[in-house]
Amino acid sequence: MGQRLNIEILKNGEVLANSYYHWSGFSNSAINLAIHIINNFDYVKKYKVEEYIKNQDLLFAIRLLEETGAGVEDIEETRKLLEDQTMNLKSKPCINRNEGIIAITKEEIEETRYWEEGRVSIDIENKTVDFNVMHEYTIEEFKENYDEEEIKELNIKEINRSFKNIQFEDIFELKAFIDKSNYNGEYCFYNKKDDKYVFLIQ
């Protein structure tokens, strides 16, 4: 785990589009991409969503993912799904899977999910983020995977933090936590919030 990242754009829990990144499934790189989207959220919504397109939500989702460097593979199919009657809408083409491949059909979205090893979900209606680019273990799972000596070597720290339903304005606190963890070389935590062990992906 730790290479293949899926960033999803949702509205009220429904996935509008997602993007596959082949070498970004690490906690640090994933939070940086998520923050890049959030930092550009208002600008993209105001200036980059063409008003003549009928499917405004889908276009907004695509434009947000394009900000990360991702692109669509089939522009003609994209125009059809966006209900672009002019068929002239310009969209960023996909460069490669490292930069990001945007999926917009149900089948493509499910394929991205199949290959993902970490996921960031961004809800554009509620302005929240679910961050799942880490390993999580219940207490039982943790004890099954690690013996007492290994647990001592892990130098586990205690935290009390939610990685789900994070408000946009609070995402920077999560980045600070991940940055500090990387700086200190601390990747293993016991999370009192949900009684699980959390291993960041470095």
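Residues numbered from 1 in each chain as written. Predicted model: local features only at pLDDT ≥ 70, side-chain atom pairs only at ≥ 80, totals over all residues. Heavy atoms only, no water.

Colleague: Lay out the sheet that holds strand β7 (residues 157–159) with the relevant residues and their values.
Modeller: The strand order across the open sheet built from 4 strands is β6-β10-β9-β7, with neighbouring strands paired in mixed fashion. Lying at the two open borders of the sheet, with one neighbouring strand each, are β6 (134–138) and β7. Neighbour-to-neighbour, the strand axes of this sheet turn through a mean angle of 30°, independent of strand direction. Relative to strand β9 (residues 188–191), β7 runs parallel, the two sharing 3 bridges. Across the sheet, the residue bridging to K157 is F189, located in β9. Most of the contacts of helix α8 (residues 171–184) go to strand β10 (residues 196–200), to which it runs at about 70°, and overall it touches β7, β9 and β10. (Pairing = 2+ DSSP bridges. Helix = DSSP H or I, 4+ residues; strand = E, 2+ residues; numbered from the N terminus. Axes fitted to C-alpha atoms, helices over the stretch in contact; angles between N-to-C directions. Contact = heavy atoms within 4.5 Å.)

Colleague: Quick rundown of the pairing of strand β1 (residues 5–11)? Include the residues and the values.
Modeller: Of all 7 residues making up β1, 6 are buried, and the element is well covered by its neighbours. Pairing of β1 with strand β2 (residues 14–21), which is carried by 7 bridges, proceeds in the antiparallel orientation. Bridged to K11 within β2 is E14. Between the antiparallel neighbours β1 and β2 lie 2 residues, among them N12 with a positive phi of about 50°. The sheet contact formed by β1 and strand β4 (residues 118–123) spans 6 bridges and is parallel. Pairing of I9 across the sheet is with I122, part of β4. (Buried < 20%, exposed > 50% of the residue type's maximum accessible area, 1.4 Å probe, protein only.)

Colleague: Tell me about the nonpolar core, and please be specific about residues and values.
Modeller: The tendency in soluble globular proteins is for nonpolar side chains to be buried as a group. Membership of the largest hydrophobic core comes to 50 residues, with the highest contact counts inside it found for I7, V120, F131 and L174. Within the second largest apolar cluster, 5 residues are counted, among which are Y137, F142, C188 and Y197. (Core = buried A, V, L, I, M, F, W, Y, C linked by side-chain atoms within 4.5 Å.)

Colleague: Please set out the pairing of strand β5 (residues 128–132) residue by residue, giving values where relevant.
Modeller: Relative to β5, β4 runs antiparallel, the two sharing 5 bridges. Within β5, the residue paired with R119 across the bridge is N132. If you look at the hairpin formed by β4 and β5, you'll find 4 residues sitting between the two strands, and K127 has a positive phi there, around 55°. Looking at chain direction, β5 and strand β8 (residues 166–167) are connected through 2 bridges and run antiparallel.

Colleague: So what's going on with the environment of N182? Residues and values would help.
Modeller: Along the chain, the position of N182 falls in helix α8. Between the C-alpha atom of N182 and that of L200, which follows or precedes it by 18 residues, the distance is 9.0 Å. N182 has contacts with N28 and Y187, leaving out every residue within four places of it along the chain.

Colleague: Break down helix α3 (residues 56–66) for me, citing the residues and quoting the values.
Modeller: Working note: α-helix, 3.6 residues per turn, so residues spaced by three or four point in the same direction. In terms of burial, α3 is largely enclosed, as 9 of its 11 residues are buried. Every buried residue belonging to α3 is among L58, L59, F60, A61, I62, R63, L64, L65 and E66, and all of these are buried. Those residues of α3 that are buried are in contact with β1, β2, α1 (27–39), α2 (41–47), α4 (75–81) and β3 (101–103).

Colleague: An account of the packing of α1 against α8 is needed here, citing residue identities and associated values.
Modeller: Pairs of packed helices are described in terms of their axes, by the angle between the two and the distance that separates them. Where α1 contacts α8, the axes come no closer than 10 Å and their chain directions differ by 155°. In terms of orientation, α1 lies roughly antiparallel with respect to α8. In the packing of α1 onto α8, the handedness of the crossing is left-handed. Taking contact as the criterion, the partners of S27, N28, I31, N32, I35, I38 and N39 in α1 are, on α8, I171, F172, L174, K175, I178, D179 and N182. (Parallel < 35°, antiparallel > 145°, perpendicular 65-115°, else oblique. Left-handed = near helix turned anticlockwise from the far one by under 90°.)

Colleague: Break down the pattern of salt bridges for me, citing the residues and quoting the values.
Modeller: By the definition in use, this model includes 13 salt bridges. Measuring nitrogen to oxygen at the nearest pair gives 2.7 Å for the salt bridge that ties K48 to E67. Separated by 19 residues along the polypeptide, K48 in the loop between α2 and α3 and E67 in the loop between α3 and α4 bring together distant segments of the chain. In this structure K48 comes out as partly exposed when scored by relative accessible area, which is 31%. Note that E50 is salt-bridged to R63, the shortest N-O span being 3.0 Å. Here the residue E50 occupies a position in the loop between α2 and α3, and R63 occupies one in helix α3, the gap between them amounting to 13 residues. Owing to a relative accessible area of 7%, R63 belongs among the buried residues under this scheme. Here the residues in one salt-bridge network are K11, D57 and E125, joined through shared partners. (Salt bridge = Lys/Arg side-chain N within 4 Å of Asp/Glu carboxyl O.)

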